[in-house]
Amino acid sequence: MRKIVVRGGAELTGEVAVGGSKNAALPILFAGIVTEETCVFYNLPRVSDVLRALEILHFLGARIAFEKSGEVSVDYAPVTPKTPPAALTSSIRGSVYLLGAMLARFGEAALAGAGGCDFGVRPIDQHLFGFGKLGATEERAEGVLRLRAEEGLCGARIRLAMPSVGASANLLIAASRAAGRTVIENAAAEPHIAALAAFLSAAGAHIEGVGTSTLTVIGVPRLHGARVTIIPDMIEAGTYLALGVACGGRVRVRGVCPAHLTALTDAFSEMGVGVEIGKDTIAVSAPEGYRGIDVETGPYPAFPTDLHPQMAALFCLGGRAGSKGSVTENVWESRFRYTEELRRMGARIDVEDRRAVFYPSALTSAKIKAPDLRGGAALLIAALSTRGIFEIDNAGAVARGYEHLESKLRGIGARVQIY
Ligand code: UD1
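Small disclaimer: the values here were computed from a predicted structure and weren't measured. (Residues numbered from 1 in each chain as written. Predicted model: local features only at pLDDT ≥ 70, side-chain atom pairs only at ≥ 80, totals over all residues. Heavy atoms only, no water.)

### Side note on the overall build of the protein chain
Across its full length, the protein chain holds 14 helices and 23 strands. Its C-alpha atoms give the protein chain a radius of gyration of 21 Å, near enough to 22 Å, the size a compact globule of 419 residues would have. Based on the C-alpha atoms only, the size of the protein chain along its principal axes is roughly 65 × 45 × 45 Å. Considering the protein chain as a whole, with its 419 residues, one finds that 59% of them fall into the buried category. At a minimum sequence separation of 6, the contacts of the protein chain that also span at least 24 residues come to 72%. Summing over all exposed atoms, the protein chain offers an accessible surface of approximately 15900 Å²; the carbon and sulfur share of this is 49%. (Helix = DSSP H or I, 4+ residues; strand = E, 2+ residues; numbered from the N terminus. Rg over C-alpha atoms; globule rule 2.2 N^0.38 Å. Buried < 20%, exposed > 50% of the residue type's maximum accessible area, 1.4 Å probe, protein only. Contact = heavy atoms within 4.5 Å. Areas by Shrake-Rupley, 256 points an atom, 1.4 Å probe, with all protein chains shown as cover.)

Written out as structure tokens, the structure reads:
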């Protein structure tokens, strides 16, 4: 996908069925390696990051079958400890989970670069600190990071410097087969961590404290295959809800877990947006527009960094936003690249350090480029709510996280074409 062409200005109304969570699917797919058996994944989103993860697993020897009824089964038995080429692993951030999984299964792991969205430095020192505590040694040569634990991993107490989602997931995977008890303190409590823990538990792991900041894992020598349904993608849901708010109709997302989106729905209520929450649905409407507010991102249950740019787009919309809004980004310091593109559309934005202030402005047609996945989603929101024709380049960055983007958008009345 190269380009999204948007004819903006239409009111969007209707329902969007939300798919499986990319951020839950990636660690779970790699965690399957430690089961050494066949695992079956339901509701696996067919987004490019997930397809790339399956390609990496295929390279390692896994046998993958896309079943007619929609589920994907992966036989992990034939996996061997090879090093996937950097070209494969560097395109997705999720490939970092190979480290924990391969280390737990083979006592060795190698990674030639991990990618994902470019928010400046994306360190993995906490992952490595934890692997070290579990008994692994580390070596880097010619761009390849190698971890070894020839005697196997041994449970330990690991206190993370920050509640990193990636490090918590990687260490959970590794600890599931380490000898003895591992305690991960200051762990992330994101729904995708709970989803990973549920998968590992279904495969025979012993994990306690899920959803809290202390995870305790009692390692077992072997796990077994499991069947798992990937949880709904809260970020996809949040993006369509933001779109509904931007475009003034009534948009309902279905198949969501509303509890995961409390930070967003609370923010919408503060903005004066009408929010209706059902058992697995959320609907929003803001026919008269909304107020700007101050949002601060942070680890769950705080406002998710992955919904920051979409919220920012709402604050820029002249005619819809009644007052200025701001976002303070506490997770990724360089997450403001989308502001350059919004400025091209006429947005007035002041960025200072980790905080950006957005003033409602009359936006106009422009040629813009998705700087990353969620930044691209923000541009889509701004374009769809503004009269005129917009071309968003680098559409592939957006496709990384939104399944059936074109048909879902058209389903609620958006005039878009993706090339
Ligand atoms: C983070 C988000 C996640 C989001 C993803 C992509 C949080 C807590 N995590 O997950 O929800 O889906 O970005 O946008 O909101 N850090 C270190 N050393 C490490 C690991 C992390 O310093 O070893 C720092 C990072 O620089 C960052 C913060 O910790 O400032 C959070 O990182 P982490 O949660 O690991 O990132 P992701 O797993 O990519």
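### Looking at the packing of helix α1 (residues 22-31) against helix α7 (residues 191-202)
The relative placement of two packed helices comes down to the angle between their axes together with the axis-to-axis distance. Closest axis-to-axis distance for the α1/α7 pair is 9 Å, and the angle between their directions is 30°. As judged from the angle between their axes, α1 and α7 are roughly parallel. Where α1 crosses over α7, the two elements pack in a sense that is right-handed. Across the interface between the two elements, Asn23, Ala24, Pro27, Ile28 and Ala31 from α1 touch His192, Ala195, Leu196, Phe199 and Leu200 from α7. For the contact of α1 with α7, the per-class residue count stands at 8 nonpolar, 2 polar and no charged. (Axes fitted to C-alpha atoms, helices over the stretch in contact; angles between N-to-C directions. Parallel < 35°, antiparallel > 145°, perpendicular 65-115°, else oblique. Left-handed = near helix turned anticlockwise from the far one by under 90°. Nonpolar A, V, L, I, M, F, W, Y, C, P; charged D, E, K, R; others polar.)

### Overview of the sheet that holds strand β13 (residues 227-229)
Pairing is mixed in the open sheet, where 4 strands are placed in the order β4-β5-β3-β13. Pairing within the sheet leaves two strands with one partner each, and these edge strands are β4 (63-66) and β13. Averaged over neighbouring strand pairs, the angle between their axes works out to 15° when direction is ignored. Of the pairings in the sheet, the one linking β4 to strand β5 (residues 72-75) comprises 4 bridges and is antiparallel in character. (Pairing = 2+ DSSP bridges.)

### Considerations on the packing of helix α8 (residues 234-247) against helix α12 (residues 373-384)
Where α8 contacts α12, the two axes come as close as 9 Å, and the packing angle between them is 25°. Taken together, α8 and α12 sit at an angle that is classed as roughly parallel. In terms of crossing hand, the pair formed by α8 and α12 is right-handed. The segment α8 lies against α12, with Ile235, Thr239, Ala242, Leu243, Ala246 and Cys247 engaging Arg374, Ala377, Leu380, Ile381 and Leu384. Here the residues of the contact of α8 with α12 sort into 9 nonpolar, 1 polar and 1 charged.

### Points about the sheet that holds strand β2 (residues 14-17)
Strand-to-strand pairing in sheets goes through backbone hydrogen bonds, with the strands running parallel or antiparallel. Read across the open sheet, the 4 strands follow the order β2-β14-β16-β15; overall the sheet is mixed. This sheet does not close on itself; its edge strands, each paired only once, are β2 and β15 (274-277). Across the sheet, the axes of successive neighbouring strands diverge by a mean angle of 15°, strand direction being ignored. When β15 meets strand β16 (residues 281-285), the two strands line up antiparallel, connected through 4 bridges. Bridge pairing in β16 places glutamate 276 opposite alanine 283. Of the strands in this sheet, β2, β14 (250-254) and β16 touch α8, which is tilted by about 170° from β14. Of the strands in this sheet, β15 and β16 touch helix α9 (residues 262-271), which is tilted by about 145° from β15.

### Observations concerning the side chain of aspartate 306
Here aspartate 306 lies in the loop between β17 (294-296) and α10 (308-316). For aspartate 306, the side chain forms a polar contact with the side chain of asparagine 23, separated by 3.2 Å. Residues in contact with aspartate 306, not counting those within four places in the same chain, are Asn23, Ile235, Arg335 and Arg374. (Polar contact = N/O pair within 3.5 Å; in protein donor to acceptor, adjacent residues only side chain to side chain.)

### Some points on the pairing of strand β19 (residues 348-352)
One ladder, built from 5 bridges, connects β19 with strand β20 (residues 355-359); its direction is antiparallel. Each residue of the ladder has a partner; that of isoleucine 349, found in β20, is phenylalanine 358. Here β19 folds back onto β20 in antiparallel fashion, the turn holding 2 residues, of which aspartate 353 has a positive phi close to 50°.

### Things to note about the domain arrangement of the protein chain
Here the protein chain is described as being made up of domain 1 (3-19 + 232-418) and domain 2 (22-229). When each unit is reduced to the centre of its C-alpha atoms, the spacing between domain 1 and domain 2 is 30 Å. Summing the contributions of domain 1 and of domain 2, the shared interface buries around 1700 Å²; its carbon and sulfur component is 56%. It is Tyr300, Trp332 and Arg400 in domain 1 that bury the most area against domain 2; as a group they hold 40% of the surface buried on that side. (Domains from an automatic or database assignment. Buried area = accessible area lost by both parts, 1.4 Å probe.)

### Section: unusual backbone geometry
The omega torsion across tyrosine 300 and proline 301 is 10°, close enough to zero to call that bond cis. For proline 301, the position within the fold is in the loop between β17 and α10. Residues other than glycine seldom take positive phi values, yet glutamate 142 does so here, at roughly 50°. Its location among the elements puts glutamate 142 in the loop between β7 (137-141) and β8 (144-148). By relative accessible area, glutamate 142 is classed as exposed at 82%. Within the chain, asparagine 394 stands out as a residue other than glycine whose phi angle is a positive 60°.

### A word on the packing of aromatic side chains
Aromatic ring pairs: the centre-centre distance and the angle between the two ring planes describe each pair. Taken as a whole, this structure holds 2 aromatic pairs when the rule is applied. Note on phenylalanine 41 and phenylalanine 199: the rings are 5.9 Å apart at their centroids and 45° apart in plane angle, and the pair reads as tilted. Residue phenylalanine 41 is found in strand β3 (residues 38-42), and its partner phenylalanine 199 is found in helix α7; the two are separated by 158 residues along the sequence. Taking relative accessible area as the criterion, phenylalanine 41 reaches 0% and is therefore assigned buried. Phenylalanine 199 gets classed as buried once you look at its relative accessible area, which sits at 0%. Judged by centre distance (6.3 Å) and plane angle (50°), the ring pair of phenylalanine 315 and phenylalanine 358 falls under tilted. On the criterion of sequence distance, the pair formed by phenylalanine 315 in helix α10 and phenylalanine 358 in strand β20 is long-range, its members being 43 residues apart. Note on accessibility: phenylalanine 315 and phenylalanine 358 belong to one class, buried. Over the aromatic face of tryptophan 332 sits the side chain of arginine 122, whose NZ or CZ is 4.5 Å from the ring centroid. If you follow arginine 348 out to its NZ or CZ, it ends over the ring of tyrosine 359, 4.3 Å from the centre. (Phe/Tyr/Trp six-rings, centres within 6.5 Å; stacked < 30°, edge-to-face > 60°. Lys NZ or Arg CZ within 6 Å of the ring centre and 35° of its normal.)

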